[in-house]
Amino acid sequence: MTTTGAAARSGRQRVAIVTGAARGIGAAIASRLADDGMAVAVVDVDEQAGARTANAILEAGGLAIAVAADVADETAADAAVDRVVSELGPVTVLVNNAGIIADNLIFKMTVDDWDSVLDVHLRGAFLMTRAAQAYMTQAKWGRIINLSSTSALGNRGQVNYAAAKAGMQGFTKTLALELGKFGVTANAIAPGFIDTEMTQATAERLGVDFDDWKVAVSRDIPVGRVGQPEDIAAVASFFCREEAGYVSGQVIYVAGGPRS
Ligand code: NAP
């Protein structure tokens, strides 16, 4: 699904890519950035679900396209960025949000569990960033936002995911060092418990009712509730603002309390 994208191509509108934006946190970030006035590319493996996010943005009066790609695949990641640039214009905002979980205790974790999680989060963020940064350095302006997690601090049953999310923090800080002189900032958001299909899948694996679990988890969260995707989208929106240009290489924990 495409739109004309004339305003974006003429340079009047910033162009953002949000990966894994078919649902959950990514969909909320895509909608928020569109509300902020950006042309948004919804990149996801699930093409139909990605089109639903893009259509919702179009129906709300924004500009969006859906692009099907596995971010962990080098050819697909490069092709996705090329397509966004040709349809919307040079990309200057990239949100590396695509993610999966494959939880298990270390003695039961398979090599595939390890590789698949590291591939989507870290290799995917690397491939998408490598392809998109060229347009940001050329424009002398850019914003890269990477999704980390409170699990980066350690979380039982998530040795693969914790390593990937800690890796996202080092990746972010190094991008900030390398790209700052081009007017490009890089920051990470580390969410705590957010109400999405990812946490719902964890509840199913643990054999607990999702609603009951959210109530129980809320008791340990200082603000007394679980997070919503919009809580993360608000922080992503801030990092993209002009006046956030002096904020780079940071990790902000969005967890209803201090988690770092
Ligand atoms: P989600 O509901 O599972 O959504 C993730 C999206 O990413 C899905 O649409 C998924 O598509 C897509 N995706 C997976 N692999 C992909 C790939 N290789 N290429 C492109 N897209 C891919 O997850 P979420 O809860 O919104 O989480 C979003 C991000 O926040 C993730 O990085 C996650 O680790 C992080 N995070 C979440 C929480 C939380 O509590 N929910 C907390 C901390 C951090 P398919 O379903 O079709 O695979």
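Residues numbered from 1 in each chain as written. Predicted model: local features only at pLDDT ≥ 70, side-chain atom pairs only at ≥ 80, totals over all residues. Heavy atoms only, no water.

How should helix α7 (residues 197–206) be read in this particular structure?
Residues lying three or four places apart along an α-helix face the same way, a consequence of the helix completing one turn every 3.6 residues. Thr-199, Thr-202 and Ala-203 are the residues of α7 that are buried. Seen along its axis, α7 keeps its buried residues to an arc of 100°; they face one direction. Contacts from the buried residues of α7 go to α8 (210–218). One side-chain oxygen at the N-terminal end of α7 lies 3.1 Å from the backbone nitrogen of Met-198; it belongs to Thr-196. One or two steps after α7, the chain reaches Gly-207, where phi turns positive at roughly 75°. (Buried < 20%, exposed > 50% of the residue type's maximum accessible area, 1.4 Å probe, protein only. Helix = DSSP H or I, 4+ residues; strand = E, 2+ residues; numbered from the N terminus. Arc of directions from axis to C-beta. Contact = heavy atoms within 4.5 Å. Polar contact = N/O pair within 3.5 Å; in protein donor to acceptor, adjacent residues only side chain to side chain.)

Looking at this model, I keep getting lost on the sheet that holds strand β5 (residues 142–147). Mind explaining?
Read from one edge of the open sheet, seven strands run β3-β2-β1-β4-β5-β6-β7, paired in parallel fashion. The sheet terminates laterally at β3 (63–68) and β7 (251–254), the two strands that pair on one side only. Across the sheet, the mean angle separating the axes of adjacent strands is 20° when strand polarity is ignored. Here strand β2 (residues 39–44) pairs with β3 via six bridges, running parallel. By the bridge assignment, Val-43 is partnered in β3 with Val-67. The strands touched by helix α2 (residues 24–35) are β1 (15–19), β2, β4 (93–96) and β5; relative to β1, the strand with the most contacts, the crossing angle is about 170°. Here helix α9 (residues 229–240) sits on the sheet in contact with β4, β5, β6 (184–191) and β7, set at roughly 165° to β6. (Pairing = 2+ DSSP bridges. Axes fitted to C-alpha atoms, helices over the stretch in contact; angles between N-to-C directions.)

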